[in-house]
Amino acid sequence: MHPNTPNFPNITPVQPQGPRLWALIPCAGTGSRSGADGPKQYQNVAGQPMVLHTLAAFAAVRRLAGVLVVVSAGDTFFDTVPATVAPVLIAACGGSTRASSVFNGLNALLERGAAPTDWVLVHDAARCLITPTQIDTLIDACHHDPVGGLLALKLPDTLKREAGGRVAQTVERSDKWLAQTPQMFRIGALMDALQAAGDAVTDESSAMEWVGQAPLLVEGSAQNFKVTYPQDFALAGAVLGAR
């Protein structure tokens with residue numbers, strides 16, 4: 001366990017019986033596409049590190065039993081963050097891929113008292129514009145679903161398939177969605193799916209699909225985008241400033 005791991009003084013579960021709800025934030029990426037000097041999740045956006053905006057949204061969801069952040073070995077960022085600012089558990093078990101970081105984080109949740117039948121909401125640290133309302137919307141939609149699901153957005157633009165730098169085909173978009181996070185599944189089922197699918201999957205829904213499940217699509221928001229490229233930082237800052 002991380003030496004400065006705090007408890008959850010500001011997160012009080014309101015569901016004493018039945019499966020609990022946990023959040024897992026993979027935070028071990030290097031942000032190679034962002035152009036930032038260091039991991040993008042720790043870059044300042046609207047006056048504070050991006051990941052703290054993300055964690056603030058989850059801290060406001062009272063139904064969560066806890067929030068676990070997965071960092072790389074040797075990552076000391078949270079050593080200097082007061083527990084009152086980020087009341088989370090830290091697990092220094094980040095892997096070389098998102099899938100391995102999530103799998104290791106799920107194991108860490110089980111070691112800290114979570115049950116395989118509990119729900120976990122996996123969320124990108126770099127989706128710093130997520131709101132408590134959007135998180136609650138996903139929970140309400142999935143809590144009694146046999147599989148679980150994810151926030152997603154219907155594709156708004158015309159979609160083209162490319163060949164040699166030219167348009168090869170216009171693809172039908174009426175049934176196409178852009179996957180977002182959080183993605184909410186049972187801990188045990190997600191671990192089994194990740195083991196079966198391997199490291200190639202880029203999100204949790206893909207792993208569940210690999211083992212034959214059909215996750216529920218829950219409409220998200222265009223503002224819940226992942227900060228990926230240099231221009232995304234300014235856009236995220238503008239949205240947070242407007243709030």
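Higher on the page you've got the structure.
Keep in mind that this is a model prediction, so the values were computed, not measured.

S.K.: Summarise the sheet that holds strand β5 (residues 89-91); cite the residues concerned and give the values.
M.R.: If you walk across this open sheet you meet the 7 strands as β5-β4-β1-β6-β10-β7-β11, and the pairing is mixed. Strands at the two margins of the open sheet, each flanked by one partner only, are β5 and β11 (216-219). Within this sheet the neighbouring strands show an average axis-to-axis angle of 30°, counted without direction. Relative to strand β10 (residues 177-186), strand β7 (residues 148-154) runs antiparallel, the two sharing 6 bridges. Counted as the bridge partner of L153 is L178 from β10.

S.K.: Explain the layout of surface pockets to me, and be specific about the residues and the numbers.
M.R.: Estimates place the volume of the second largest pocket at around 200 Å³. When residues of the lining of the second largest pocket are assigned to their parent elements, the largest contribution, 3 residues, is made by β10. Residue classes in the lining of the second largest pocket are distributed as 6 nonpolar, 3 polar and 2 charged.

S.K.: Give me the side chain of S221: which residues, what numbers.
M.R.: Within the fold, S221 resides in the loop between β11 and α6 (230-242). Here Q223 takes part through its backbone nitrogen, which lies 3.1 Å from a polar atom of the side chain of S221. Setting aside its immediate chain neighbours within four residues, S221 contacts Q134, L153 and Q180.

S.K.: Got a sec to walk through the nonpolar core? Specific residues and values, please.
M.R.: Judged by nonpolar contacts, the single largest core of 32 residues is most densely connected at V51, L55, V69 and F78. Contributing elements (two or more residues each) for this core: β1 (21-26), α1 (50-59), β4 (64-70), β6 (119-122) and α3 (132-142). Take this core: its biggest share by element is 5 residues, from α1. In this view, V69 contacts I25, C27, L55, F78, V88, L89, I90 and A91; residues no more than four positions away in its chain are not counted.

S.K.: Summarise the pattern of salt bridges; cite the residues concerned and give the values.
M.R.: Following the criterion strictly, the structure yields 7 salt bridges and no others. Salt-bridge contacts for D118 lead to R20; the nearest nitrogen and oxygen are separated by 3.4 Å. Of this pair, D118 sits in the loop between α2 (98-111) and β6 while R20 sits in the segment before β1, and the two are 98 residues apart along the sequence. Where R63 meets D136, a salt bridge forms, and the shortest distance between an N and an O atom there is 2.7 Å. In this pair, R63 is assigned in the loop between α1 and β4 and D136 in helix α3, connecting sequence segments 73 residues apart. You can call D136 partly exposed: its relative accessible area is 24%. Bridged by salt links that share partners, the residues R98, D124, R127 and E204 form one connected network.

S.K.: Go over the packing of α2 against helix α4 (residues 187-197), please, and point to the residues and values.
M.R.: Think of two packed helices as two axes; the pair is described by the angle between the axes and how far apart they sit. One can describe the packing of α2 onto α4 by two numbers: an axis separation of 10 Å at closest approach and a directional angle of 145°. Once α2 is placed against α4, the crossing between them reads as left-handed. When α2 is examined against α4, the residues A99, V102, F103, L106, N107, L109 and L110 are found in contact with a partner set consisting of I187, L190, M191, L194 and Q195. For the contact of α2 with α4, the residue count by class is 10 nonpolar, 2 polar and no charged.

S.K.: Before we move on, could you go through the side chain of D118 and cite the residues and values that matter?
M.R.: The exposure class assigned to D118 is buried, which follows from its relative accessible area of 3%. From its side chain, D118 meets the backbone nitrogen of R20 in a polar contact 2.9 Å long. Those residues within four positions of D118 in sequence are excluded, and the remaining contacts are P19, R20, W22, F185, R186 and I187.

S.K.: Can you lay out the packing of aromatic side chains for me, pointing to particular residues and giving the numbers?
M.R.: In this structure the tally under the stated criterion is 3 aromatic pairs. An angle of 10° between the planes, with centres 4.1 Å apart, marks the rings of Y42 and F77 as stacked. With a gap of 35 residues between them, Y42 in the loop between β1 and β2 (44-45) and F77 in the loop between β4 and β5 connect regions that are remote in the sequence. Three or more aromatic residues joined by ring pairs make a cluster, and in this case those are Y42, F77 and F78.

How each quantity is defined
- Residues numbered from 1 in each chain as written.
- Predicted model: local features only at pLDDT ≥ 70, side-chain atom pairs only at ≥ 80, totals over all residues.
- Heavy atoms only, no water.
- Pairing = 2+ DSSP bridges.
- Helix = DSSP H or I, 4+ residues; strand = E, 2+ residues; numbered from the N terminus.
- Axes fitted to C-alpha atoms, helices over the stretch in contact; angles between N-to-C directions.
- 1 Å grid on protein atoms, 1.4 Å probe; cavity = no way out; pocket = protein on both sides within 12 Å on 5 of 7 lines; lining within 4 Å.
- Points joined across faces, edges and corners; volume = space filled by probe spheres on them.
- Nonpolar A, V, L, I, M, F, W, Y, C, P; charged D, E, K, R; others polar.
- Polar contact = N/O pair within 3.5 Å; in protein donor to acceptor, adjacent residues only side chain to side chain.
- Contact = heavy atoms within 4.5 Å.
- Core = buried A, V, L, I, M, F, W, Y, C linked by side-chain atoms within 4.5 Å.
- Buried < 20%, exposed > 50% of the residue type's maximum accessible area, 1.4 Å probe, protein only.
- Salt bridge = Lys/Arg side-chain N within 4 Å of Asp/Glu carboxyl O.
- Left-handed = near helix turned anticlockwise from the far one by under 90°.
- Phe/Tyr/Trp six-rings, centres within 6.5 Å; stacked < 30°, edge-to-face > 60°.

All quantities given are derived from atomic positions and should not be read as evidence of function.
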